[in-house]
Structures are given as structure tokens and as C-alpha cells.
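Survey of secondary and tertiary structure
Residue-level listing of the chains:
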Amino acid sequence: MNKPLTQHVRPDGRPLTLQEYEKAGGYAAVRKALKDMAPQAVTTLVKESNLRGRGGAGFLTGMKWSFVPMNAPKPKYLIANADEMEPGTFKDRILLENTPHQLIEGMILAAFAIQADNAYVFLRWAYKQAAKVITTAIEEAYAAGYLGKNILGTGFDLDMHLHTGVGRYMCGEETALLNSLEGKRATPRAKPPFPQISGLFGKPTIVNNVETLCCIPHIVNNGAEWFKDLSRGSDAGTKIYGVSGNVKRPGAWELPMNVTMRELVEEHAGGMRDGYRFRGALPGGASTDFLVEEHLDVKMDYTSVAAAGSRLGTGTMIVLDDQTSVVGFVKNLEHFFAQESCGFCTPCREGLPWVEKILHTIERGEGKPEDLKLLEFHTKYLGPGNTFCALAPGAMEPLQSALKYFRKDFEMLIHHKISA
Amino acid sequence: MLTLEEKQEIERAIHQVPLRKAACIEALKVVQEHRRWVSDESLKDVAAFMDMSPAELDSVATFYNLIFRRPVGRHIILVCDSISCWVMGYEKIQAHLSQKLNIGFGETTLDGRYTMLPNPCLGTCDHAPAFMIDHDLYRDVTTDQLDAILEKYT
Amino acid sequence: MATVYIDNKSYEVGAGKNLLESCLSLGLDLPYFCWHPSLGSVGACRQCAVKVYKDADDKKGRLIMSCMEPVADNQRISIQDPEAKEFREHVVEWLMTNHPHDCAVCDEGGACHLQDMTVMTGHNYRHFQYKKRTYQNQYLGPFINHEMNRCIQCYRCVRFYKDYAGGKDLDAFASRNQVYFGRHEEGTLESEFSGNLAEICPTGVFTDKTLKEHYTRKWDLTNAPSICQHCSVGCNTIAGERYGELRSIVNRYNGKVNGYFLCDRGRFGYGFVNAEDRIRKPRVRHETVSRETVLEEIKRSILGHNVIGIGSPRASLQSNFVLKALVGEDNFYHGVNDNEHNLGDLVVKILTEGPARSLPLKEVENCDAVFILGEDLTNTAPMVALAVRQSVRRQPLQHAAKNNIVEWNDAAAREFIQDEKGPLFMATVHTTKLDELATRVYRAEPDNIARLGFAVAHLLDPEAPAVDDLSNDEKEQALQIANTLQQVQRPVIISGTGCGSEIILRAAANVAWALQKKNKAAGIVLTLSESNAMGLALLNGHRLQSALDTILNRRDDTVIILENDLYRHGPPSVVDEFMKTCHNVIVVDYLNTPTTQKASVVVPAGTFAESDGTVVNNEGRAQRFFQVYEPAQGMQESWRWLLNIGAAVDHPRLAAWKNFEDVTRALAAEEVLLRGVEKVTPPSSFRMAGQRIPRESHRYSGRTSMNAAINVSEPKPPEDADSSLSYTMEGYRGQAPSSMIPFFWSPGWNSVQSVNKYQDEVGHALRDGDPGVRLLEPKERGAAPYFSGIPEAFHPMKDHLLMVHLHHIYGSEELSNHSKPVAERIPQPYVMLNNDDAAERRLNAGDTLTFEVEGQAFALPVVISQYLPKGVAGMPYGLEGLTIVELPAWSILK
Ligand SMILES: Cc1cc2nc3c(=O)[nH]c(=O)nc-3n(C[C@H](O)[C@H](O)[C@H](O)COP(=O)(O)O)c2cc1C
Ligand code: SF4
Ligand code: FES
């Protein structure tokens with residue numbers, strides 16, 4: 001079982017029903033944990049498994065859970081972040097549409113570990129198929145006694161609801177997500193206090209990515225060591241990697257953590273389409289730094305990608321080819337970020353549209369040499385900590401690395417009005 | 001005036017959250033589902049039903065790009081304009097749609113059939129370019145498929 | 001205390017504060033926008049960035065937002081770090097990408113926080129080469145102007161209007177760089193505190209529309225510290241003049257009273273000062289006459305006559321006192337109806353003879369449980385309502401603190417608190433805006449409200465008299481209230497004279513006193529009707545009714561009426577008769593009123609803006625207002641007129657008093673309860689470094705030319721004999737004593753944010769103590785016996801309705817009614833009935849109800865409310881043209 005998360009994904013895309021999931025061993029982890037394990041033991045197990053959050057930041061999941069005060073009165077909340085809106089990212093969709101019960105089981109386990117009595121799936125608007133599938137699955141789980149009061153007679157209660165969003169990338173940022181779930185504008189919240197202390201409705205809350213949660217049943221069933229062994233390197237488990245762009249077979253695959261970029265592009269994605277050459281890639285979604293040819297042998301795990309100067313992010317790679325304008329590429333990204341800025345903090349609200357405008361002029365051959373300085377001052381000052389949340393720093397990652405690796409492209413356009 | 005059906009649907013959403021107001025986005029969705037968009041009048045009705053002021057509710061409504069506060073056509077085309085679709089040439093698709101329907105982004109056809117909007121990444125980047133019409137997702141689209149697709153919606 | 005190192009210098013700061021606030025308290029200049037001492041931090045603008053270092057060896061450091069950072073012992077930060085400076089400069093540059101640079105035509109110019117911060121950060125070269133965003137503006141009513149293009153999205157407006165003041169109709173709309181602040185659709189801003197937007201907004205989005213009518217830059221105003229005249233709370237204001245006209249009222253920080261805010265009646269009610277139809281020249285029998293003639297006429301009316309004087313709750317202590325001295329103690333009458341007179345006396349008795357302390361307004365915010373009896377605070381004392389809004393957060397904030405969420409971390413605290421509210425119990429006749437915050441609302445007519453109060457007191461202390469035959473519901477409410485009040489640390493009982501009911505005040509006193517007995521530091525807040533109602537109550541005088549009786553019996557007499565429209569205090573027929581009977585009616589006033597119409601002699605008094613005076617607020621705090629400018633020829637302070645009259649008739653005592661201080665000294669010496677008023681401000685001989693304190697900024701312009709159209713020779717500025725302020729721009733440039741700050745300004749800080757520079761600890765007391773002298777302190781615990789005399793439960797009466805007053809922030813107060821923008825918002829007269837009572841009489845909304853109350857006949861359109869108790873009816877208090885009767889009283893329906 002080297003693809004625990006996607007082993008049951010069917011080529012025709014029919015989701016696993018409850019019966020099918022149970023038959024394949026589903027909900028065994030829930031039985032095991034709720035009946036035989038203390039909540040803290042689940043957290044400890046997850047800690048030992050070295051599972052890192054798959055939502056982008058790669059924070060250690062068990063560690064995150066351990067900050068929830070166990071003696072806090074109910075309600076407490078567990079939220080599955082299924083907002084997946086980072087451009088280039090399409091991995092959670094697979095899990096949501098195909099194996100809904102795997103997610104629900106993971107959520108029950110996470111909720112049990114932190115003793116949450118309420119759970120929400122925060123799903124983005126566009127995932128219509130997933131919405132249907134999850135709704136049915138939640139109903140099935142209630143009917144089978146996996147949700148509701150006194151689950152499996154263990155005295156553990158958990159309610160679960162699906163909330164579908166109404167747009168805005170910001171909803172994926174975990175604290176903005178909380179505001180959105182509270183029926184407010186999806187602007188982020190200050191940390192501290194962390195959601196583990198004061199989250200949804202001011203109560204202790206854990207937000208985890210869909211893929212993260214889907215790992216939990218397998219860890220409970222098979223143990224921490226097994227999970228670590230799935231990986232070929234330091235970061236544990238498998239990862240759903242994806243590749244999009246001008247490659248022969250764009251797609252997503254569950255693979256052991258730390259395959260190399262080259263394997264992804266050349267083997268799994270079938271290499272570049274004919275007539276296109278690989279120039280670089282954003283390894284983990286729109287808000288990660290470019291890696292280039294010299295990095296093709298970098299291992300795709302959190303540590304190695306970081307060492308190469310980027311982030312694993314969501315693990316879904318967007319490939320830049322030689323037929324595509326770098327400036328146009330970056331401009332498209334910055335347009336996205338400028339549009340999706342929540343408007344709360346100054347540098348992001350005012351800086352990103354400025355960056356987009358500069359890139360637009362450069363792209364049209366109207367750029368000036370000073371423009372590069374202006375772009376650089378943005379990459380410098382829209383960094384982590386300077387803006388309120390991670391959106392703007394994320395927006396700067398592809399830009400700063402493009403200026404580093406593809407500066408010529410910018411300069412050619414500015415000085416000679418031609419694309420490199 | 002909210003219809004009984006709308007009120008019931010909103011009440012159901014209210015049951016899923018500890019504070020009435022928290023269901024306000026759901027309430028807007030319900031109204032939009034029934035009326036396609038949220039007019040000023042609907043907004044006030046929903047606000048009253050949710051024990052909110054119109055300003056408070058509109059503050060939320062106008063934050064989200066998929067709550068429509070202006071009239072829209074019978075069908076909404078959401079064209080993904082994000083990176084993978086851009087690389088794979090969504091602009092051609094959009095140009096074709098624009099030409100065919102005689103509308104740009106943010107506009108509605110004269111017959112009220114379509115409204116076309118840009119949308120960030122639809123999460124199907126391996127099948128770029130992509131767009132959605134209402135609840136249907138179209139992937140790996142080429143310009144020659146467009147006429148047939150558009151035919152389907154009346 | 002914690003030691004922090006800022007740019008390698010060590011400072012001691014209070015632990016638990018945020019770094020920005022601490023830096024500002026240390027006097028360091030650090031720019032900010034979204035932070036405000038009253039609103040706390042949200043970290044939106046990113047303007048307050050500083051470098052923080054791990055330890056002494058860390059040379060690189062990282063940028064943090066100082067407003068979001070708690071100070072910690074041994075923290076090392078740098079404000080001067082080049083990167084931090086560059087970042088802060090860029091924040092302004094970002095904001096400027098869309099800001100219109102229209103300072104020259106912007107009302108905020110010269111008092112603009114954005115200008116100040118732009119200069120402070122050094123941003124001066126524009127790199128942004130693209131089109132700016134533009135917005136549509138909205139009509140927001142008569143008070144506030146809207147110019148959205150100037151917005152820098154600091155979110156302070158909504159945070160004040162919505163989060164702090166509970167407003168519902170202003171919000172943030174849209175997102176990204178399209179965020180819009182305004183109403184959901186055009187229309188008048190509904191909050192009673194909307195005017196604060198003009199001060200909260202760091203730029204010119206929300207500005208004072210009334211100032212726009214006669215616009216003057218802040219630096220061109222002649223200012224004086226003043227006191228709001230529009231209710232009994234006595235908020236501190238700065239009044240500004242130019243060209244002989246009062247042009248604006250802004251907040252004057254007082255850490256014990258109004259803090260940073262004012263209500264809209266106080267801010268926009270000043271129009272009466274400039275009103276076309278105010279009294280500007282002396283008149284004798286409707287003829288305009290000279291000063292000499294009028295004094296001659298008055299002399300004739302006084303000499304050889306019995307003279308009585310009628311004082312006023314809206315006139316200063318000095319004016320009332322000089323009148324009293326002029327006519328003699330036996331002939332001085334308070335110009336309020338007997339009910340109000342009794343209420344005033346009772347308030348003084350409660351605050352001086354009982355053990356409960358009268359709380360300064362700001363302390364109300366820190367109370368952790370509130371019980372309000374009878375008073376519709378939003379309409380009678382709006383700023384108290386604003387304070388109550390903060391107090392319901394006290395308990396939830398304590399819960400947040402237990403989870404390490406500090407109060408200044410504003411958004412975090414609100415997210416933690418959600419809709420949790422601390423205890424607030426309301427017992428009022430009709431709905432009030434505070435109901436939405438209440439733990440429980442008890443709606444009843446005045447006697448039943450009092451009974452609930454008495455019952456609570458009895459539950460707290462069995463020695464307080466018990467109440468018979470309460471309903472089960474009332475018993476249970478009383479129990480809940482008593483239990484709650486007992487459990488908290490700092491409860492406050494709030495009531496007032498708005499209901500016209502002495503019994504309610506007594507009940508409120510019993511509750512507060514019973515709590516004192518339980519060793520609770522229970523505070524009490526009692527509001528009164530007008531700006532100096534408390535001062536008047538502290539000044540011995542007779543009842544108005546007896547004045548009326550005296551004259552009616554004696555005939556052939558002279559009465560001097562001070563700043564008072566008797567028709568607001570007595571039945572029209574009686575006042576008519578009185579005016580007719582009086583031989584000479586001399587009125588000293590600035591407003592034309594029904595009383596001045598009937599007077600034989602009218603003397604043009606100065607308004608508060610043109611006078612010096614002391615008033616005592618509901619807390620018992622004596623506060624001084626200063627003359628802003630000398631009024632045009634003919635007008636002068638009431639007390640000065642009275643001194644002139646005294647001189648004209650060779651009055652033995654008055655002749656010795658030459659100026660404000662002479663009067664004040666005599667007043668303090670003679671009136672036992674007013675001892676201390678002479679200490680409210682330094683004497684007129686006071687000088688700072690040998691200089692007076694200028695009313696004008698050093699940038700004041702046009703002095704030599706502003707009156708050139710009238711006279712080319714520049715007049716000599718007047719000398720102020722009554723205070724140590726000067727009427728010029730020359731004088732001491734440093735900070736004035738806290739009680740006489742004419743305007744807030746500090747180098748680099750032209751906006752109202754300069755207040756920070758006048759406080760040792762930002763957001764706390766002014767540097768040499770908050771202004772005002774408390775005159776009333778409670779007696780030792782248990783000093784006064786409980787009030788008894790519990791009324792019977794209310795029983796509706798056939799064909800009668802118990803009529804009560806309903807108060808309106810705009811309409812119920814005399815002076816502001818003469819201000820145009822306020823007048824726009826005054827409701828039409830009406831009578832309000834309970835829906836059952838209306839149905840019984842087949843009355844629909846809008847029908848006319850004819851009734852008689854206290855001998856007065858009324859015919860008013862009906863308004864129906866399900867919230868008014870059955871058997872009770874309400875009519876608005878104080879509207880122009882609507883006779884004021886002493887209520888509550890039974891009305892007979894026709
Ligand atoms: C602007 C922004 C958007 C984000 N969108 C998502 C998202 O769509 N899905 C997601 O799981 N995490 C998203 N994240 C990360 C979340 O904030 C959060 O770290 C994550 O949900 C935690 O889950 P994990 O610990 O399981 O990774 C986003 C972060 C930012 C700053
Ligand atoms: S960086 Fe600032 S404006 Fe941008 S999304 Fe985050 S909080 Fe909003
Ligand atoms: S004042 Fe600190 S971020 Fe605005």
C-alpha cells in the first residue's frame with residue numbers, strides 16, 4: 001500500500017460509498033481510536049508520525065493539535081480546509097470527489113484527538129461535484145452512527161456540516177476562513193491568539209488541510225513508523241503531487257514524499273510537450289518561488305525545497321516553458337493576488353495592484369529601468385511579518401525568484417521592447 | 001419579501017451554527033439560488049430575517065465575488081483566468097466566447113442568457129483551460145467545442 | 001514594569017502594554033494610523049513598524065508592527081533602523097498611490113493625521129505613475145461630509161462607529177483596493193456619535209459638515225477650552241471662532257469625563273450662537289436702545305421696587321450667583337419648575353448624604369455590572385450611554401484576559417468575546433437604544449420601575465424597606481438583579497431626572513447604598529436636565545412657583561430673569577399671568593424666546609462662547625469654560641451685565657466685584673456646597689514663563705487684514721481680564737495647564753492625535769491631572785437612612801392615561817434646537833400610546849388624540865408602540881411649540 005490516500009480512487013471518478021469504504025477497511029481507525037485510545041494518544045501518535053500539514057505551511061500536525069487546551073469546555077471545533085484556490089493546485093479535489101469517507105474518518109479522528117464536538121468542511125464554491133459527494137457521505141456517516149451523539153457507543157459526540165464558500169482565495173487562510181464561517185468578511189485574524197485557543201466563535205479550533213486529514217486514518221491504522229517509512233526522505237508519508245503547464249501528461253499522483261522534480265516532470269508528467277523547453281517551475285502552487293533547471297534534482301519535500309530557496313507549498317507544480325512570457329506569467333499571478341487581497345492591510349492592498357500595473361507596462365514594452373527597482377522594493381517589503389497575513393508574502397515569492405532567475409527577460413522587454 | 005421556502009432553507013442553515021448571524025452567507029446563497037442575484041430589496045429582507053442591519057449584511061455580501069449584487073444572466077460563465085489556464089491559452093477561449101456572445105467580462109448578453117465572469121483558479125489545472133457554466137465544469141476546452149457547449153444552455 | 005531598549009537606550013515601561021502605545025507614552029514619534037488609544041490595535045495599516053532584535057548580539061533584527069507587540073522585559077527594538085524607516089516611508093507611499101493630494105481644498109488640511117505622518121516618515125517623492133482609484137461619495141445627513149477618495153482604509157471609522165459606539169449603518173464594503181466605507185445606501189447617519197468620525201478619521205473622508213458652511217482652518221481659529229452646554233454631563237470641548245462667529249466644536253480630552261469623544265448634540269448644537277435671530281442689542285419695550293439707555297431703564301425699574309431674580313440651569317454659576325447677590329438671597333429663585341427643583345435637591349442629597357460615590361463618566365466604562373432605572377440615556381445624556389456600551393464588555397474582557405488575550409488586541413478580544421455581554425439591567429418606560437445590550441429589560445411606568453429598584457435594594461439588605469405585592473416576574477427579576485450586583489466587583493446604578501420621578505431616584509439610591517453595605521464599591525450616576533442644573537441645585541434658592549405666587553400677590557414688582565425661558569418651566573397660563581402682573585420684566589438672555597417676547601427690557605447676553613463661567617456637571621464636577629471671543633458690541637456675559645446693573649444702582653456688594661475672579665472668589669466663600677470652584681483653573685494672574693496662553697496658534701493668519709474691509713487699521717487685541725488666556729497668537733508656546741488647553745498641538749502633530757503629547761501615559765490622564773474639581777463626595781458608609789415611601793403598584797385608570805415624557809437627543813434640549821443642522825433632525829410632535837390602549841379607543845397611527853394634562857389641552861397625532869406599558873402614554877419633551885408640563889401626570893382623554 002504505497003498510495004494510501006488514493007488507492008481507492010477509481011478511473012471513472014465514482015466516489016466510494018460508505019459500504020465500499022468500510023469494505024476496504026474504512027472506519028477501522030475510528031473504531032480503534034474511539035474504543036481503545038485516549039484522545040491524547042491519538043495526538044501523540046500523529047506527532048510521532050511527523051505528519052506535516054499539507055495546506056502549504058507544512059506545520060507539524062500533531063504539534064498543532066497539542067496546543068488545544070484539553071480541559072477547555074465545549075464547544076470546540078475541527079475544520080477541514082477544502083477551499084483549495086491557490087492557482088495551480090488541484091490535489092484536494094481528488095480526495096474530496098473520490099474518497100469522501102476517508103476525509104470524514106480523518107476528521108472524526110482529529111476531532112476526537114482534540115475533543116471537538118463540532119466539525120465543518122469548508123469547501124470552495126466551484127467544487128460542485130465534491131459538494132454533492134460530501135453531503136451524501138456526511139448523511140451516510142450519520143446514518144451509520146459515525147457522526148452524531150454517542151458515536152459507536154463510546155460516548156463521543158460529533159456533529160459535522162458542510163459549508164460551501166462564495167468565492168475569495170482568502171477563505172483558505174485559516175483565520176479568514178474562521179471569519180467567513182462566522183458569516184463575516186474573510187479578513188484574517190491576528191495571531192496570537194491562535195485558533196487553538198480562540199478560533200471559531202472564539203472557541204478552541206483546529207483547521208487542517210483535506211490531504212492532512214486524509215492521512216490520519218492510515219496513521220492510526222498502521223502506526224507512526226509505517227507512515228514515516230512511506231517516505232524516501234526526512235519528511236514523512238506520501239504526498240499528492242501535481243504538474244500543470246505545457247507538459248505531456250499534466251496530472252496529480254500520490255508518491256512517496258521526496259521524489260525529485262525531475263521524476264515528476266519527466267516521468268509522471270511525461271516530459272515537456274514537443275517544441276517546449278522547461279525553464280522553471282513553481283514547485284508548490286502560485287505562492288512559491290521559482291525553481292529552475294539546475295534544481296530539477298531537488299527532492300520534493302519540505303526541507304529540500306526550502307533548502308533550494310522555495311517552498312513545497314501544496315506540492316502542485318506549475319511549469320514555465322520557453323514559449324511563455326515570464327513577465328506575462330508573473331503578471332497573471334500578481335493579477336490574481338491583487339484581486340484576491342482582502343484589503344485589510346496597506347502593503348498588500350496598495351502594493352499588489354501597483355506591482356501588477358508595473359508588470360503590465362513592462363509586458364507591453366513600456367517599462368522603465370526604474371520599474372525593476374520598484375518591483376524589488378515590493379519583494380523586499382511585502383515579506384512575511386510586514387503584511388498582516390501570508391497572502392502578500394506568497395505573492396512576492398514567484399516575483400522575487402523571477403527577478404532572480406529571469407531578470408534578462410524583464411530587461412530585454414524594458415530596454416529592447418522584446419520578449420526574451 | 002422572502003418566500004416561505006427561502007425562509008425554511010435559511011432556518012436550516014441557522015441550525016448549523018451557534019449564532020443566527022453566522023448563517024448570513026448561507027442566507028444570501030439561498031436567495032441567490034432562487035433569484036439569481038441579491039437585489040437591494042432582497043438584501044434588506046435577508047438582513048431583517050437575520051437580525052442584522054442592511055449595512056452589516058452588505059458589508060459581507062460585497063466582500064465575496066460570487067454573491068451577485070447586480071443582475072446577472074440566466075447562466076453564469078466563470079472563466080478561469082489563473083496561471084495554468086493562462087499558460088494553456090484561456091485568453092483564446094475567452095476571446096472566442098466574447099466574440100460569440102458579444103460580451104466582455106462582467107457583462108450580460110442582451111437576451112439575458114449569459115453573464116461572463118473571470119474566476120480565479122478552478123482547481124483543475126491539469127485540464128487547463130477550463131471554465132464553468134452554472135454547475136458544470138468544462139475542461140481541456142478548445143475553441144471548436146464552444147458552440148456546442150453554449151447551445152446547451154437556454 | 002519592564003525595561004526595554006529602544007535604539008540602545010533603556011526605558012522603563014508598564015508591562016502588558018503594547019509597544020506602540022509605550023513608545024508614544026515615552027514621547028517618541030512613531031507613526032500610526034489604525035491604532036487609537038480608545039480603540040486598541042488591529043494591525044491593519046502597518047505604519048507603526050519597528051525593528052525587534054532577539055538579543056544584544058542580533059544585529060539584523062526583523063520588522064514587527066509595534067501596535068501588535070506586547071512590551072516585554074529586556075526587549076530590544078529600534079525605531080531609527082534604516083529598514084524600519086524605509087518601510088514606514090513606503091507605507092505612506094502606498095497609501096499615497098490613491099490619495100488625491102487635494103490638501104489645499106480638503107477640510108482636514110492642517111489638522112490631518114495623514115499629513116503629519118507623511119511628513120514624519122519623510123515620504124516626498126512619488127513613484128506611482130498610474131491612474132488613481134475613484135469612488136462615489138454619499139450624502140450622510142446634515143452633520144458629516146463624505147469624500148471617499150481620501151480614504152486610506154485604516155478601518156478606524158467602522159471600528160469606532162460600529163464596534164465602539166454600536167452604530168448599525170456604517171460599514172466596510174467590497175474588498176482588495178476597492179474597500180469602501182460608508183452607508184449601505186445614502187442617508188443620514190443614524191448614530192448619536194457620528195460626529196466623532198470627523199476626529200477618528202485620520203484624513204478628510206469624514207469631516208464636519210457644519211464647519212464646511214463657514215470653513216476655517218484649524219490654525220486660523222481662535223479657540224478656548226469650553227464645556228458642552230447641551231446636557232448635564234459636561235463634556236469638555238474646544239470651541240473655535242473666526243470673524244466673530246463660532247465655527248466648530250471639537251472634543252477636548254478629559255480622561256475623567258468624555259475621553260476622546262462627544263455626542264452629536266454637543267458637537268453640532270452650537271448653531272444657536274450664530275443664529276440670526278438671537279438677541280444682539282438691548283431692547284426696551286421692543287425698541288432697540290443703547291447700552292446707556294437700557295441701564296438707565298433698568299435702574300429705574302429697580303430702584304424703589306421689590307426686585308426678584310430668577311436664575312437658570314443653563315446659566316453659569318457666576319451669572320446665577322451675581323443675580324442672587326443683586327436681588328438678595330430671599331429674592332432669588334431657581335428658574336425650574338417645582339418638580340425639577342425637588343429632583344435637583346434630591347440628587348444633591350443622595351450624592352452628599354449617602355455612601356455611594358458619584359462616578360466620573362469614564363469610570364462607568366470600567367464597571368462590571370450596570371443597573372439603569374428610568375433613564376433613556378441615549379437621549380438625555382448620550383455620552384453616558386456610550387460609556388455603558390463599554391461597560392458591558394468589562395466581564396467578557398476579563399474572561400479574555402484569562403486566556404491571555406489583552407484588551408488592546410482589539411479584534412482578537414472581540415473575536416474571543418463574540419456576543420457575550422456583561423450584566424446590564426434596564427428598567428425604563430419605553431424602549432431605548434441600550435436595550436439591545438441588556439441582560440434583561442423591565443418595561444413599566446415610573447412607580448413600578450421604582451418598586452423594582454426598592455425590591456432589589458431590599459434583597460441586598462433586608463434593612464432597606466420591602467416592597468409588597470410584586471408579581472412573580474418582578475420578584476424573579478429583582479432577585480436576578482440583586483444576585484448579579486452582589487457578585488461583581490464594581491457595579492454602578494444609573495438613573496436621572498428624565499422621568500421626572502423622585503421615587504425612581506430614591507429607589508436607585510437605595511440600591512447603591514445597599515450595595516455599599518455589602519462592601520461593594522458601588523458607584524452611582526444620576527443625570528440631570530441641563531448643563532448647570534447641578535450647579536443651580538447647589539446654589540441655595542427658592543422655588544419658581546413661589547416666585548410666581550409672590551409676584552401675583554404683590555403686584556407692582558420687578559423681576560430679572562437670567563437666561564431662562566419661563567415657558568419651559570411653568571404652565572403657560574401662569575407664566576402669562578406672571579408676565580402681565582409684573583411691572584418690569586428684565587430678561588438677560590441670548591435667545592429670543594416666548595419669555596423675551598413678553599419682557600419689557602431685554603439685555604443681550606453672551607453665549608457660553610462669549611463668556612467665562614463655571615458649571616457643575618451631573619457628577620458634581622465643577623468645570624470652567626472660557627470666553628472664546630469677545631462678542632460684537634452690545635453683548636456681554638450675563639454676570640457682567642448684572643455687575644453693571646449693580647454698579648448702576650450702587651449695589652453695596654456688587655460694586656466691589658470687577659471681574660470674573662472677584663465673583664468666583666465671593667461665590668466660593670459664600671456658598672458652602674460650592675467651595676472649591678475657585679480652584680478649577682489657575683487665576684487670571686497666572687502666567688507660563690511670564691506669558692499668557694494664546695488662544696490662537698502661531699500660524700494664525702490674516703490678523704492684519706481680516707477686518708480691513710471694515711477698518712484698515714488693525715485693532716488692538718482685547719485684553720482678557722478674566723483669565724490668563726490671550727486673544728492673540730503671541731504667548732507661551734508650550735503646554736498649558738490641563739484645565740485651560742485652548743487647542744491640542746505639538747510640533748509635527750497638527751491633528752487631534754496631538755493629544756498623546758499632553759498625557760504622561762497615552763490614553764490616560766492629562767499631564768497635570770484631568771480638569772475639573774469634584775464638589776460632592778459621599779458620606780461614610782451607612783450615613784443616610786434608606787428612603788422609604790414605596791409607591792403602590794401602578795393601576796391603569798379608566799379614561800386616563802399616565803402621561804410621561806419621552807426624550808429626544810434632537811428636540812428635547814433648548815439650545816441645540818436653535819442650531820440648523822440639529823433642527824433638521826427634530827421629530828414632529830406626537831403622543832405615543834400602547835397598541836391596546838389605541839385599539840380600545842379605535843385610534844390608528846396618525847389620528848389625532850385630544851387630551852388634557854395638568855390643565856393643558858393637547859391635540860397630537862398618535863404614534864403606536866407595543867413597548868409602552870398599557871395605561872401609559874408618552875409625549876416628546878421640549879419640542880418647540882409643545883408646552884412642557886410637569887410629568888408624570890394623569891391625562892384626561894377627550
Ligand atoms: C492566502 C492563503 C490561502 C490559503 N488557502 C488554503 C487552502 O485553500 N487550503 C488549505 O488547506 N490551506 C490554505 N492556506 C493555509 C492555511 O492557512 C492553513 O495553514 C492550513 O489550512 C493548515 O492546514 P495544515 O496544517 O493541515 O496544512 C492558505 C493560506 C493563505 C495565507
Ligand atoms: S496580506 Fe493584508 S490585505 Fe493582503 S490578504 Fe493578508 S491581510 Fe489582507
Ligand atoms: S498602527 Fe500598527 S498597524 Fe496600524
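Remember, predicted model here, so these are calculated numbers, not experimental data. (Residues numbered from 1 in each chain as written. Chains lettered and ligands numbered in written order. Predicted model: local features only at pLDDT ≥ 70, side-chain atom pairs only at ≥ 80, totals over all residues. Heavy atoms only, no water.)

1. Some thoughts on the site of ligand 1
Residue and element names in this part refer to chain A.
- Neighbouring ligand 1 are 18 residues, the closest being Gly 55, Lys 64, Asn 81, Asn 209 and Thr 212.
- At 2.7 Å from an oxygen atom of ligand 1 is found a side-chain nitrogen or oxygen belonging to Thr 212.
- Here ligand 1, which alone exposes 610 Å², has 90% of that area covered by the protein.
- Examining the composition of the shell around ligand 1, we find that 3 residues originate from one element, strand 5 (residues 205-209), more than from any other.
- Of the residues belonging to the shell around ligand 1, the class tally is 5 nonpolar, 7 polar and 6 charged. (Near = heavy atom within 4 Å. Polar contact = N/O pair within 3.5 Å; in protein donor to acceptor, adjacent residues only side chain to side chain. Areas by Shrake-Rupley, 256 points an atom, 1.4 Å probe, with all protein chains shown as cover. Helix = DSSP H or I, 4+ residues; strand = E, 2+ residues; numbered from the N terminus. Nonpolar A, V, L, I, M, F, W, Y, C, P; charged D, E, K, R; others polar.)

2. Points about empty space enclosed by the protein
Residues and elements named next belong to chain C.
- Each pocket or cavity is described by its volume, and for the largest cavity that value is around 490 Å³.
- If you go around the largest cavity, you meet 26 residues; those closest to its centre are Ala 111, Glu 199, Leu 211, Lys 218 and Val 250.
- For the lining of the largest cavity, the secondary structure elements donating two or more residues are helix 5 (197-200), strand 9 (206-208) and strand 12 (245-251).
- Of the residues forming the lining of the largest cavity, the biggest block, 4 residues, is contributed by strand 12. (1 Å grid on protein atoms, 1.4 Å probe; cavity = no way out; pocket = protein on both sides within 12 Å on 5 of 7 lines; lining within 4 Å. Points joined across faces, edges and corners; volume = space filled by probe spheres on them.)

3. Side note on the domain arrangement of chain B
- By domain assignment, chain B separates into domain 1 (4-63) and domain 2 (75-151).
- Taking only C-alpha atoms, the centre of domain 1 of chain B and the centre of domain 2 of chain B are 29 Å apart. (Domains from an automatic or database assignment.)

4. Quick look at the packing of aromatic side chains
- Within the structure shown, the criterion is met by 42 aromatic pairs over all chains.
- Arranged with centres 3.8 Å apart and planes meeting at 5 degrees, the rings of Tyr 27 of chain A and Tyr 146 of chain A form a pair that is stacked. Of this pair, Tyr 27 of chain A sits in the loop between helix 1 (18-23) and helix 2 (28-36) while Tyr 146 of chain A sits in the loop between helix 7 (128-143) and strand 3 (148-151), and the two are 119 residues apart along the sequence. Note on accessibility: Tyr 27 of chain A and Tyr 146 of chain A belong to one class, buried.
- Ring centres of Phe 160 of chain C and Phe 261 of chain C lie 4.6 Å apart, and the angle between their planes is 40 degrees; this geometry places the pair in the tilted category. Residue Phe 160 of chain C is found in helix 4 (residues 156-164), and its partner Phe 261 of chain C is found in the loop between strand 12 and helix 7 (264-268); the two are separated by 101 residues along the sequence. Residue Phe 160 of chain C shares its accessibility class with Phe 261 of chain C, and that shared class is buried.
- One aromatic cluster in this structure is built from Trp 354, Phe 377 and Tyr 381 of chain A together with Phe 87, Trp 94, Phe 128 and Tyr 130 of chain C.
- Positioned above the aromatic ring of Tyr 700 of chain C is the side chain of Arg 242 of chain C, whose terminal nitrogen or guanidinium carbon lies 5.0 Å from the ring centre.
- Here the basic side chain of Arg 695 of chain C rests over the ring of Tyr 727 of chain C, its NZ or CZ set 3.8 Å away from the ring centre. (Phe/Tyr/Trp six-rings, centres within 6.5 Å; stacked < 30°, edge-to-face > 60°. Buried < 20%, exposed > 50% of the residue type's maximum accessible area, 1.4 Å probe, protein only. Lys NZ or Arg CZ within 6 Å of the ring centre and 35° of its normal.)

5. Describing the UniProt feature "domain: 4Fe-4S Mo/W bis-MGD-type" (unreviewed entry) in chain C
- Taken from the UniProt record, the annotation "domain: 4Fe-4S Mo/W bis-MGD-type" (unreviewed entry) applies to residues 221-277 of chain C.
- Secondary structure over residues 221-277 of chain C splits into 9% helix and 35% strand, and the C-alpha atoms at its two ends are 24 Å apart. (UniProt positions renumbered as here; feature names shortened; annotations may be inferred.)

6. Remarks on unusual backbone geometry
- A cis amide bond links Lys 191 of chain A to the next residue, Pro 192 of chain A, at an omega of -5 degrees.
- Residue placement: Pro 192 of chain A occurs in the loop between helix 8 (174-181) and strand 5.
- Here the bond from Ala 128 of chain B into Pro 129 of chain B is cis, since omega is -5 degrees, no more than 30 degrees from zero.
- Locating Pro 129 of chain B in the fold gives a position in the loop between strand 3 (114-119) and strand 4 (131-133).
- Positive phi outside glycine occurs at Asn 150 of chain A, with the angle close to 50 degrees.
- With respect to the element layout, Asn 150 of chain A can be found in strand 3.

7. Describing the sheet that holds strand 22 (residues 523-527) of chain C
Residue and element names in this part refer to chain C.
- Reading across from one edge, 17-22-21-18-19-20 is the order of the 6 strands in this open sheet, with parallel pairing throughout. The open sheet has two edge strands, strand 17 (357-358) and strand 20 (440-443), and neither has a second partner.
- Here 4 bridges tie strand 18 (residues 369-373) to strand 19 (residues 424-428), and the two strands are oriented parallel to one another. Considered in strand 19, the bridge of Phe 371 is made with Phe 425.
- Strands strand 18, strand 19, strand 20 and strand 21 (491-496) of the sheet are contacted by helix 17 (residues 472-487), whose axis makes an angle of about 135 degrees with strand 20.
- Against the sheet, helix 18 (residues 502-517) contacts strand 17, strand 18, strand 21 and strand 22, and its axis sits at roughly 165 degrees relative to strand 21. (Pairing = 2+ DSSP bridges. Contact = heavy atoms within 4.5 Å. Axes fitted to C-alpha atoms, helices over the stretch in contact; angles between N-to-C directions.)

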